[in-house]
Amino acid sequence: MGQSSSIPGSTHRPSPTNPTHHHHHHRTTAPRSETYYFSMADPDDNQCGNIGNVDDYISELPDECLSSIFHFLSSGDRKNASLVSKRWLKIEGQSRHRLSLNAQSDLLVQIPSLFSRFDAVTKLALRCDRRSVSLDDDALTLISLRCKNLTRLKLRACRELTDAGMAAFARNCKNLKKFSCGSCAFGVKGMNAVLDHCASLEELSVKRLRGVNDAVEAPVGPGLAASSLRTICLKELYNGPSFGPLIVGAKNLKTLKLLRCLGDWDKVLEDIGRRKNCLVEVHLERLQVTDAGLMAVSGFPDLEILHLVKTPECTNAGIVCVAEHCKLLRKLHIDGWRTNRIGNEGLISIGKHCGNLQELVLIGVNLTAVSLESVATNCQRLERLALCGSETIGDAEISCVASKCVALKKLCIKGCPVTDQGIEAFAWGCPNLVKIKVKKCRGVTSDLADWLKVRRGSLMVNLDVCEVEADGLDASASDGGAQEDGVEFPPMVMSQVSGAIGGASAAVDIPSSSNWRPSIFRSRLGLFGGRSLVACTFRRWSNGGSGSNDSS
């Protein structure tokens, strides 16, 4: 490892293949540049001294500076840097705050040495392969004794953990702020232990918690954490309403995501609406929710983001109630699942009452120019619009959007019976339009993209004119990946401590459903392996963002 210091004005150096070679240029040359080498000879020697009378400046750096430098390195570079010397090994371990481990049963014997080195970890992820035996209560308890300052914990497929292990962990790690678990087997008692002891808990994500099922009558929560919780995400639970007391008792809750959880949710939403709440973001996906639940949601005065995905019992009446009372609504996603229960009436009310709307996603909702004109005329801040899988959105409706949506910046049209004539309207309409995507619209030809680019050079045009059935349209945010992990933590640095800890490869599960097609077919048609185009598109758009007060 070396560092070169070049001097301005230096000329050719002797060729390494012919050191005696001389250049016959008659001009004055500057002194040859020097190369400084930093000693790495002995990892046990913390005072490396110098080589060739050149000082070793890196050895003189304070520990704090080296620690700061390590934070800018990638996982592989950090691992390589830790091998330079014992001092670097120690500093790298003490400066690492995130750790992700393969949580198999043999991790237990590695815990003492592992956390002796990484003694400053505050964010920990424990993942186990589905085919392996996970760590047990003893291992988790030992980890909690070594990491009492832990603030984030993610558990994946740790099926050997029980209520007793979670209770011991909660007693030792009371500073926990974010907790996420998926495919675990502990039950209500273990969850309540976390809520009772971790009074600073802010984000909770629970997915496929097998210990919470229909046979369990005891409720979850609220516990001491109810006053500090800001985000709750529940996904794929057999008895989701058992978390009702926790949700209702979390008075400072800002974000609520209920995704594919069995049970009647109307009563839970009504209980929330009866008390003062500060909910800003609500996601309801594939739930047993009716208009009564939407009317309860309309009692959330601070609501800004609403995702209503594949809830077939919701109709125009519920949407109208939400529009009339939630005047701060900025983002609205509706997947009508082609039930024709949400249509013009609901969207006309949205256009009439929700003047702050910035993002609108409509999938499987059959509209006409009447409702689109209401939205385009009254929602002057609308910047992002997606219209997908609608049988009634044609050239007239698209021309209405082009002429009325002055603030529109990004547009996605998928699986609608539009033609070149409708899309051509954007050559002059929507003056602020930056990007347009047209997917699976059979009436649109490939020549349209070049035609639009000629007339609007700054417009990004993405056309996919393959003739494909639109039965794969899906507005599910979780299918698209935007909410797949709920409030899970950022990607953590992977560490390997001997062969017992590392080495597990990630398994990709291929979904089995009636809509599944061979991977090569999906790849060629741009379906991204089952991921929703709209969810992926708007995740990028939202992150890039227009809303200055976006809380999503």
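Being a predicted model, the structure only gives us computed values, none of them experimental.

## Structural notes on the pairing of strand β9 (residues 203–207)
So, point 1. With 5 of 5 residues buried, β9 is to be regarded as a mostly interior element.
So, point 2. In β9, alternate side chains face the same way, and those of Glu203, Ser205 and Lys207 on one face and Leu204 and Val206 on the other are all buried.
So, point 3. Following the chain from strand β8 (residues 178–182) across helix α7 (residues 188–197) to the adjacent parallel β9, one finds a crossover that is right-handed.
So, point 4. Where β9 meets strand β10 (residues 231–235), 5 bridges bridge the pair, whose relative direction is parallel. Pairing of Lys207 across the sheet is with Lys235, part of β10.

## Quick word on the pattern of salt bridges
So, point 1. Applying the stated criterion across every chain, the model contains 11 salt bridges.
So, point 2. Salt-bridge contacts for Arg274 lead to Asp271; the nearest nitrogen and oxygen are separated by 2.4 Å. One end of the pair is Arg274 and the other is Asp271, both in helix α9 (residues 266–274) and 3 residues apart, which spans about a single turn.
So, point 3. Taking the shortest distance from any N to any O, the salt bridge between Glu304 and Arg330 comes out at 2.8 Å. A residue pair is termed long-range when its members are at least 10 positions apart, and Glu304 in the loop between α10 (291–297) and β13 (305–309) and Arg330 in the loop between α11 (316–325) and β14 (331–335) qualify at 26 residues.
So, point 4. For Glu304, a relative accessible area of 15% puts it in the buried group.

## Brief notes about the environment of Gln421
So, point 1. Mapped onto the elements, Gln421 comes out in helix α15 (residues 420–423).
So, point 2. Residue classification places Gln421 among the exposed residues on the basis of a relative accessible area of 61%.
So, point 3. Spatially, the C-alpha atoms of Gln421 and Gly443 are 9.1 Å apart, while their sequence positions differ by 22 residues.

## So, the nonpolar core
Generally speaking, a soluble globular protein has its nonpolar side chains buried in company with each other.
So, point 1. Formed by 122 residues in total, the largest nonpolar core has its most connected members in Leu126, Leu155, Phe179, Met191 and Ile247.
So, point 2. For this core, the leading source of residues is α7, giving 5 residues.
So, point 3. Among all residues touching Leu126, those that are not within four sequence positions of it are Leu101, Ala103, Leu107, Leu135, Leu140, Ile143, Leu153, Lys154, Leu155, Arg156 and Cys158.
So, point 4. One finds Phe70, Ala81, Val84 and Ile91 within the second-largest nonpolar core, a separate group that totals 6 residues.

Cut-offs applied
- Residues numbered from 1 in each chain as written.
- Predicted model: local features only at pLDDT ≥ 70, side-chain atom pairs only at ≥ 80, totals over all residues.
- Heavy atoms only, no water.
- Buried < 20%, exposed > 50% of the residue type's maximum accessible area, 1.4 Å probe, protein only.
- Helix = DSSP H or I, 4+ residues; strand = E, 2+ residues; numbered from the N terminus.
- Right-handed = clockwise from strand over helix to strand, strands pointing away.
- Pairing = 2+ DSSP bridges.
- Salt bridge = Lys/Arg side-chain N within 4 Å of Asp/Glu carboxyl O.
- Core = buried A, V, L, I, M, F, W, Y, C linked by side-chain atoms within 4.5 Å.
- Contact = heavy atoms within 4.5 Å.

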